[in-house]
Amino acid sequence: MSDRSNITPVVPPAARKRKRPDITADKIRDRIMETALAPGDRVPADWLDPDTLKVSRGTLREALKLLEFQGLVTTRTGPGGGAFVAAIAPENALRMLDNLFLFSPPTIADIYQIRMLIEPELAASAATGPMSTDSFKALQDTIRLYEAEPESGEEEYRQRLAELDFHAELARNSPNRVMGFVAVFLLSLLRDLTVCREIYHLSNPGLRETGLNYQVRLLRAIKAGDAERAREIMREHMGEAARYMLERAALRERPRPKS
């Protein structure tokens, strides 16, 4: 039998000690979730009693500021005032997540690895739907933004962003809200990456035609209710887009020859 007496046990690093306002905010949040309060409902005053929570008034104020910053509550002063449950806007949640990667952004390869899994399923679910008339029209309207030949480099850049809007619109109409949110988040990361912005500014008339072709075909598959065809078209499209972006990123990083 091996001698284990000299083995030093692995001790996990101590968790950062949470501050009282954080803990108090969590308690209030838990009560909101447990009692299923809806946006617009007033948070009962007794939930916010410092004596009941066993905290100081200053700690309670900080806890409410945290919940307000997170978008979970809004506070009003004066008659009829108090704390009210708020609906968190998706764009606010996205911005907070974007900030998480602000100083350590993912790579294009990271983003497309996930897009290639999610986007085909979004396309398939749109065909299975069925998608509403208004949602289908919204997808068609995004395509119309880049159907015409661009008259300038800036217009071509705006058209590239409109192509991303097509995918965002598809994601927003997904019956799977989690998958749709992740897809929109990935698009937000692409828009923020400096390397992507530079690639989108590169003139490439053939790229617009390729993307347009994929999306027109995709709309036909969605309208026909052909989920498997929609999935395959989007899988092709994502593969082509990933190759293009990775190739351009590699060219950008290649050292220039000395003159």
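K.L.:
Provide a residue-level description of the environment of Gln140, including the pertinent values.
P.N.:
With respect to the element layout, Gln140 can be found in helix H6 (residues 133–144). Look at Gln140 and you get partly exposed, because its relative accessible area is 28%. As a C-alpha pair, Gln140 and Leu219 span 79 residues in sequence and 8.0 Å in three-dimensional space.

K.L.:
Hey, could you go over the pairing of strand S2 (residues 82–85) for me, with residue numbers and the actual values?
P.N.:
Where strand S1 (residues 73–76) meets S2, four bridges bridge the pair, whose relative direction is antiparallel. If you follow Thr74 over to S2, its bridge partner there is Phe84. Hairpin connection from S1 to S2: five residues lie between these consecutive antiparallel strands, with Gly78 at a positive phi of about 85 degrees.

K.L.:
Which residues make up helix H8 (residues 177–192), and what values go with them?
P.N.:
The terminal C-alpha atoms of H8 lie 23 Å apart, and with 16 residues this matches the ideal 22 Å at 1.5 Å per residue to within 8%. Turning to H8, its buried residues are Met179, Gly180, Ala183, Val184, Phe185, Leu186, Leu187, Ser188, Leu189 and Leu190. Close packing links the buried residues of H8 with helix H4 (90–100), helix H5 (108–128), helix H7 (153–172) and helix H9 (194–200). By the N-cap criterion, in which a side-chain oxygen at the helix start approaches the backbone nitrogen of a residue two or three places on, H8 is capped by Asn176, the distance to Val178 being 3.2 Å.

K.L.:
Explain the confidence of the model for the protein chain to me, and be specific about the residues and the numbers.
P.N.:
Residues of the protein chain with pLDDT of at least 70 account for 92%, and the chain-wide mean is 87. For the protein chain, per-element mean pLDDT is lowest for H4, which scores 83, and highest for H5, which scores 96. Across residues 1–5, where pLDDT falls below 50, the model places zero contacts with residues more than four positions away in sequence or in other chains. Note on residues 10–14: pLDDT under 50 across the span, and zero contacts to partners over four residues away in sequence or across chains.

K.L.:
Provide a residue-level description of the pattern of salt bridges, including the pertinent values.
P.N.:
One pass over the full model with this rule turns up 18 salt bridges. Where Asp141 meets Lys137, a salt bridge forms, and the shortest distance between an N and an O atom there is 3.1 Å. In this pair, Asp141 and Lys137 both sit in helix H6, four residues apart, roughly one turn of the helix. Between Glu247 and Arg248 there is a salt bridge, with its nearest N and O atoms 3.9 Å apart. Exposure remark for Glu247: the relative accessible area of 47% places this residue in the partly exposed category. It is possible to trace a salt-bridge network through shared partners that takes in Arg95, Asp98, Asp192 and Arg197.

K.L.:
Which residues make up the side chain of Thr24, and what values do they have?
P.N.:
In this structure, Thr24 sits in helix H1 (residues 20–34). Ignoring sequence-local partners within four residues, the contact set of Thr24 consists of Leu53, Val55, Thr59 and Ala63.

K.L.:
Help me get a handle on the environment of Gly129, residues and values and all.
P.N.:
Turning to its location among the elements, Gly129 is positioned in the loop between H5 and H6. Under the relative-accessibility criterion, Gly129 is labelled partly exposed at 47%. Along the backbone, Gly129 and Ile222 are 93 residues apart, and their C-alpha atoms lie at a distance of 8.8 Å.

K.L.:
Quick one: what's the story with H1, residue by residue and with numbers?
P.N.:
An ideal rise of 1.5 Å per residue puts 21 Å on 15 residues; H1 measures up with 21 Å between its terminal C-alpha atoms. Residues of H1 that are buried include every one of Pro21, Asp22, Thr24, Ala25, Ile28 and Ile32, and no others. The buried residues of H1 occupy an angular sector of 165 degrees when projected down its axis, which confines them to one face. Of the exposed residues in H1, those oriented more than 90 degrees away from the buried face are Met33 and Glu34. Turning to H1, the residues buried within the fold contact helix H2 (50–53), helix H3 (57–69), S1 and S2. Looking one or two residues past H1, Ala36 carries a phi angle of roughly 55 degrees, positive in sign.

Reading guide: rules and limits
Residues numbered from 1 in each chain as written. Predicted model: local features only at pLDDT ≥ 70, side-chain atom pairs only at ≥ 80, totals over all residues. Heavy atoms only, no water. Helix = DSSP H or I, 4+ residues; strand = E, 2+ residues; numbered from the N terminus. Buried < 20%, exposed > 50% of the residue type's maximum accessible area, 1.4 Å probe, protein only. Pairing = 2+ DSSP bridges. Expected span 1.5 Å × (residues − 1). Contact = heavy atoms within 4.5 Å. Polar contact = N/O pair within 3.5 Å; in protein donor to acceptor, adjacent residues only side chain to side chain. pLDDT = per-residue confidence, 0-100. Salt bridge = Lys/Arg side-chain N within 4 Å of Asp/Glu carboxyl O. Arc of directions from axis to C-beta.

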